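Understanding the architecture of this molecule
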Amino acid sequence: MSEHSPGTDLRRSAPPLIFESGSPGRSGFFWPEEKGEGGEKIPSELLRDDIPGFPELGELEVLRHFTRLSHLNYAIESQFYPLGSCTMKYNPKVNEVVARLPGFSSLHPLAPPELIQGALELLYELEEMLAEISGMAHVTLQPAAGAQGELTGLMVIRACLRERSNPRRKIIVPDTAHGTNPASSTLCGYEVVQISSSNRGMVEAAKVAEVMDEEVAALMLTNPNTLGIFEKNIQEIAEVVHKKGGLVYLDGANLNALMGIAKPGDMGVDVLHINLHKTFSTPHGGGGPGAGPVGVKSFLRDFLPVPRILKKDGSFVLREDFAKSVGRVRSFFGNFGILVRAYAYIISLGSDGLEEASRMALLNANYLRKKLEGAYQLAYPEPCMHECVFTDRLQQRHGVATLDIAKRLLDYGFHPPTIYFPLVVSGALMIEPTETENREILDAFADAMNSIAREAKEHPDLVKGAPYTTPVGRLDEARAARKPVLRWEPAKE
Ligand SMILES: *Cc1c(COP(=O)(O)O)cnc(C)c1O
């Protein structure tokens, strides 16, 4: 593709709007008689004489129109999706099949526990499996997303500290944290104290000690952090926090770097959340349902949200009567299907399979790191975990920025990585290949990236004009988000 010159118009023409297609009088169906003798088939008050600009098309035209549109979607099932921090891995179809079994999919949220023992057993066992994987004593499946898990975990911490003496005022959050960490802290009534990470991309115990005092309720740490680096000092950091009576919260959204290999519970962590929709086999993106279970050490058990699932004399019950509980964080298990998928995923892989998945995630990310480090500058030289972060520093010499590289990747048929995050890396390109990709795909992606680096040097304008092969070029993304046009209006003559 490097022969594309900036002027070449290779843009695929965008499919016409359905309103611009068709011809008056075309239709997908016909009444036997438009207006029969016995009166009208459709009561006249329900009929509109004229809908301005209403498209008239045959059935096949409609079918082709929507099939064409569906092909504009980018999906993990059609191509590589290296969106860092999101874990866009392939989720085996067997988990979908299991989640759709009528016994699971048609449960009523108000069904009495006696009639849903199987579902409760599944939830109970999933809690136990996640506790085992994370090294925590108890898990609640209540939170429906990572961010809600954070809020729930912080509410648990607050309730515990309030019982001890006072809930305290502050939460320490490193500058590499996901934006949800400071947001959840604020929502829970805490003030955020930000600390910077070292030039090796890690939090240092000394930095934590500088700001740690008796008003700090907790430190929120992400491990591996959003730079894809393992926080090696986590145990030492946890000691600093614990010495002053604070708790350690672990953002475990990206557990596919650790599962089966290391347990956060062994690292001094008191509370953590896990994103089932990243690590445990739920397709995500587009804001679909998620699940952000929270795990706690045993001293925090009584503060967990209700209802809790308990096993009593061989059967499963939902219990609400825990005086110290933070209460309900949601109404029903509306995301039950996500939990079924996670259960099926864990059972089908087994402990060896989970470990192998983690090792593949690490291997794939480090493979790409090595293949790209000649052409792109690594944000930090450390070996990475499940994702690696590059900068556009080398390309900036030619006036080419991360956004240009991302747009150019579209011409090569790849979804771009996460860009401009984490914020501490200027011009970040955050690549997470995930464990489900094979070597040929990784090589093809690396070839595309390296070819773009060459183009940036030799034909910077070419890269800056990309994409050329998509139905639309560069969009004003801010305007599209702030002033979306969702309604079609007929053109005014
Ligand atoms: C994705 C992610 C979150 C937020 O999870 P949601 O389910 O989107 O709310 C929090 N922290 C980290 C590190 C993440 O990667």
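Predicted model only: the values in this text are computed from it and were never measured.

Pro422 follows Phe421 through a cis peptide bond whose omega is 0 degrees. Assignment of secondary structure puts Pro422 in the loop between strand E14 (418–419) and strand E15 (429–431). Pro467 follows Ala466 through a cis peptide bond whose omega is 5 degrees. Tracing the backbone through its elements, the reader meets Pro467 in the loop between helix H14 (460–464) and helix H15 (477–482). Even without being a glycine, Arg168 presents a positive backbone phi close to 70 degrees. Mapped onto the elements, Arg168 comes out in the loop between helix H5 (146–164) and strand E4 (170–174). Even without being a glycine, Ser281 presents a positive backbone phi close to 70 degrees.

In this section: the pattern of salt bridges. Taken as a whole and judged by the stated rule, the model has 23 salt bridges. When the shortest N-O distance is used, the salt bridge between Glu96 and Arg341 registers 2.8 Å. Linking Glu96 in helix H2 (residues 93–99) with Arg341 in helix H10 (residues 336–372), this pair joins segments that are 245 residues apart in sequence. The same class applies to Glu96 as to Arg341, namely buried.

We now examine the packing of helix H12 (residues 402–411) against helix H13 (residues 439–458). It is at 10 Å that the axes of H12 and H13 come closest, and there the two elements cross at 125 degrees. Taken together, the axes of H12 and H13 are oblique relative to one another. Seen along the crossing, H12 lies across H13 with a hand that is right-handed. Here Ile405, Arg408 and Leu409 of H12 lie close against H13, whose contacting residues are Phe445, Ala448, Met449, Ile452 and Glu455. Counted by class, the contact of H12 with H13 contains six nonpolar, no polar and two charged residues.

This part takes up the pairing of strand E11 (residues 315–319). As judged from the five bridges shared by strand E10 (residues 308–312) and E11, these two strands associate in the antiparallel manner. When the bridges of E11 are listed, Leu310 appears paired with Val317. Linking E10 back to E11 in an antiparallel pair, the connection comprises two residues, with Asp313 at a positive phi of about 45 degrees.

Chain-level statistics for the protein give a pLDDT mean of 92 and a share of 93% at 70 or above. Under a pLDDT of 50 for its full length, residues 1–8 has, in the predicted model, 16 contacts with residues more than four places off or in other chains.

Attention shifts here to the site of the ligand. Every one of the 14 residues lining the ligand counts as a neighbour, but Gly146, Ala147, Asp251, His277 and Lys278 are closest to it. Between the ligand and the protein, one listed contact pairs an oxygen atom with a side-chain N or O atom of Ser85 at 2.9 Å. Side-chain polar atom of Asn275 to an oxygen atom of the ligand: 3.0 Å apart, as the coordinates give it. In the complex, 85% of the free accessible area of the ligand, which totals 380 Å², lies under the protein chains. Listed by contribution, the elements that provide at least two residues to the shell around the ligand are H5 and helix H9 (276–279). The residue inventory of the shell around the ligand, partitioned by class, reads three nonpolar, eight polar and three charged.

What counts and what doesn't
- Residues numbered from 1 in each chain as written.
- Predicted model: local features only at pLDDT ≥ 70, side-chain atom pairs only at ≥ 80, totals over all residues.
- Heavy atoms only, no water.
- Helix = DSSP H or I, 4+ residues; strand = E, 2+ residues; numbered from the N terminus.
- Salt bridge = Lys/Arg side-chain N within 4 Å of Asp/Glu carboxyl O.
- Buried < 20%, exposed > 50% of the residue type's maximum accessible area, 1.4 Å probe, protein only.
- Axes fitted to C-alpha atoms, helices over the stretch in contact; angles between N-to-C directions.
- Parallel < 35°, antiparallel > 145°, perpendicular 65-115°, else oblique.
- Left-handed = near helix turned anticlockwise from the far one by under 90°.
- Contact = heavy atoms within 4.5 Å.
- Nonpolar A, V, L, I, M, F, W, Y, C, P; charged D, E, K, R; others polar.
- Pairing = 2+ DSSP bridges.
- pLDDT = per-residue confidence, 0-100.
- Near = heavy atom within 4 Å.
- Polar contact = N/O pair within 3.5 Å; in protein donor to acceptor, adjacent residues only side chain to side chain.
- Areas by Shrake-Rupley, 256 points an atom, 1.4 Å probe, with all protein chains shown as cover.

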